[in-house]
Amino acid sequence: MIVGAYAVLRLDAVRHNLAKVRALAPAAKVMAVIKANGYGHGLLRIARVLADVDAFAVARVDEGIRLREAGCTHPISVLEGFTTVDALDTMLRYQLDTVVHCFEQLAILQNRPEQAQLSVWLKIDTGMNRLGFKASDFASVYQALQQCVIVKSPIGLMTHLASADEADDDLTCRQIHLFNEITNGYSVPRSIANSAGLMAWQEALSDWVRPGVMLYGISPFPDRTGRSLGLQPVMSLQSHLIAVKPIGKGETLGYGGSWRCEKSTTVGVVAIGYGDGYPRYAKVGTPVLVNGQRVPLIGRVSMDMITVDLASQPHAKPGDPVMLWGNELPVEEIADCANTIPYTLVCGITQRVQFIEV
Ligand SMILES: *Cc1c(COP(=O)(O)O)cnc(C)c1O
């Protein structure tokens, strides 16, 4: 029995989106990014559906451990790598591959006597200015890593694009150019592209692609929907009406009384709120589907409930189905209404939401 909010996950859509990745980058190997609990869709569930990929990427060591303990045998890269000797030991125990992005990590590796145990992606900072070695340090770091007995060969080379979601972006051009220039002549695996790079920057495809958000059917570009890019949304967030009542002209609604009724109407109360991961800052007018029809959000989003204007559906009743985002209501549009990006919405689904696979 479902009480309250639930997320329906279409697993065939994940496979469709992976096929789209393969079609866009037929020569590349695919490292599927399933960090943050598979972008909120469930780490193990998504890993199971993506069994065909060449490798997985997660952000943290513990995410890699969860995969291994569930029996995952793929290569798993930990994008943030290790910070302590303990974390490195754990990575070795679970055969997790690491990204090496700073000198402190290099120093830890230089002290390790084990023979060829650890697969490494060397991360170069080409302009994101987050993780990675400066281009000017690359050659010496590469050489130092090669001399670390614990590091397996070949060492992969990677970088991350800061604004591949913008067309003809100058920074992206410079990043790709710089990466190619300094890694030219090293015959080792290379990787540049996230979802946006993969879809918009042919030059970024390289040997390995690292799609994340597109696998879940979500657009990496601000003014496109996944569907318009040929992707299929995986998650649809649903609930139902729990009360329907009239509200008179001049009355206010909800916390703070911030919404005032201009013309008497019918209010629908939906069992979903920020306690489920619905965005607290969704603005008045954000579309909600009640019985498959769009109605506007009114009043503030509270922890367990939202309110909608049912003027167009005076006969709606408690129990009627509600969709907050999904196939018929793009999560990208809801993100826009909440002044955020769709990544945060799917990552933010909370524990009490039931997940249903179809
Ligand atoms: C998260 C991440 C990705 C995937 O990004 P998307 O925009 O979700 O495709 C790829 N590479 C790195 C290093 C990341 O941190």
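Parameters and conventions
- Chains are numbered independently. Their residues run from 1 in the order of the written sequence.
- Local features in this predicted model are restricted to residues of pLDDT 70 or higher, and side-chain atom pairs are both shown and tallied only at a pLDDT of 80 or more, whereas totals for entire chains, interfaces and linings draw on every residue.
- Hydrogens and water molecules were not included; the side-chain quantities draw on all heavy atoms of the structure.
- Remark: exposure states derive from per-residue accessible area (1.4 Å probe, protein chains only) relative to the maximum for the residue type, with buried under 20%, exposed over 50%, and partly exposed in between.
- Only DSSP runs of H or I reaching four residues or more are called helices, and only runs of E reaching two or more are called strands; each is numbered from the N terminus.
- By convention, a crossover is right-handed whenever its connection, traced from the first strand over the helix to the second and viewed with the strands pointing away, goes clockwise.
- DSSP bridges decide pairing: two strands pair if at least two such bridges lie between them.
- Criterion for a disulfide: a pair of cysteine sulfur atoms at a distance within 2.5 Å.
- By convention in this text, a residue qualifies as near a molecule or strand provided that one of its non-hydrogen atoms is within 4 Å of it.
- Counted as a polar contact is a pair of N or O atoms within 3.5 Å, where, for protein atoms, one must be capable of donating a hydrogen and the other of accepting one, and residues adjacent in sequence contribute only when both atoms are in side chains.
- Accessible surface is estimated by sampling points in the Shrake-Rupley manner with a 1.4 Å probe; for residues, cover comes only from the protein chains shown.
- Residue classes follow a fixed rule: Ala, Val, Leu, Ile, Met, Phe, Trp, Tyr, Cys and Pro count as nonpolar, while Asp, Glu, Lys and Arg count as charged, and any other residue, Gly among them, counts as polar.
- Annotation comment: domain bounds sourced from an automatic or database domain assignment.
- Any two residues having at least one pair of non-hydrogen atoms within 4.5 Å are treated as being in contact.
- Accessible area that two parts lose when put together, evaluated with a 1.4 Å probe and summed over both, is termed the buried area.
- Salt bridge, as used here, is a side-chain nitrogen of Lys or Arg placed within 4 Å of a carboxyl oxygen of Asp or Glu.

**As for the pairing of strand 5 (residues 97–100)**
- Neither face of strand 5 is left uncovered, since the one carrying D97 and V99 and the one carrying T98 and V100 both have all their residues buried.
- On the question of chirality, the crossover connecting strand 4 (residues 76–78) to the parallel strand 5 by way of helix 5 (residues 85–93) is right-handed.
- Where strand 5 meets strand 6 (residues 120–125), three bridges bridge the pair, whose relative direction is parallel. Within strand 6, the position partnered with V100 by the bridge is L122.
- In this fold, the crossover linking strand 5 to strand 6 by way of helix 6 (residues 103–110) has right-handed handedness.

**A few points about the pairing of strand 15 (residues 287–290)**
- Going residue by residue along strand 15, you find P287 and L289 tucked away on one face and V288 and V290 tucked away on the opposite face as well.
- Direction of pairing for strand 15 relative to strand 16 (residues 293–298): antiparallel, over a ladder of four bridges. Of the residues in strand 16, the one forming a bridge with V290 is Q293.
- Inspection of the sheet shows strand 15 paired to strand 18 (residues 321–325) by two bridges, in the antiparallel sense. Along strand 18, the bridge assignment pairs V290 with V322.

**Focus on the environment of G132**
- Along the polypeptide, G132 turns up in the loop between strand 6 and strand 7 (133–134).
- Residues G132 and M158, 26 residues apart in the sequence, show an inter-C-alpha distance of 9.0 Å.

**Overview of the state of the cysteines**
- Enumeration over the complete set of coordinates arrives at zero disulfides.
- No disulfide involves C72; its sulfur sits 19 Å from that of C347, the nearest cysteine.

**Overview of the site of the ligand**
- In the vicinity of the ligand, 13 residues are found, and the nearest of them are K35, Y39, S195, V213 and Y343.
- With respect to the ligand, the side chain of K35 contributes an N or O atom lying 2.7 Å from an oxygen atom.
- Separating an oxygen atom of the ligand from a backbone N or O atom of G212 is a distance of 2.9 Å.
- Isolated, the ligand exposes 390 Å² of accessible area, and the fraction of that covered by the protein chains is 92%.
- Its residues placed into classes, the shell around the ligand shows six nonpolar, four polar and three charged.

**Quick notes on the domain arrangement of the protein chain**
- Looking at the protein chain, the domain boundaries give domain 1 (11–218) and domain 2 (235–357).
- Placing a centre on the C-alpha atoms of domain 1 and another on those of domain 2 gives a separation of 38 Å.
- With ten residues of domain 1 at the interface, the matching set in domain 2 holds nine residues.
- Taken over both partners, the interface formed by domain 1 and domain 2 buries close to 890 Å², and the fraction arising from carbon and sulfur atoms is 65%.
- Among the residues domain 1 hides against domain 2, the three largest losses belong to Y39, R45 and I218. Together they make up 48% of the total.
- Counting across the domain 1 and domain 2 interface gives two salt bridges.
- The closest approach of N and O atoms between E357 and R45, which form a salt bridge, is 2.6 Å.
- Where domain 1 touches domain 2, the interface holds two residue pairs in polar contact (both at pLDDT 80 or more).
- Those elements giving two or more residues to the side of domain 1 that touches domain 2 turn out to be helix 2 (35–39) and helix 3 (43–49).

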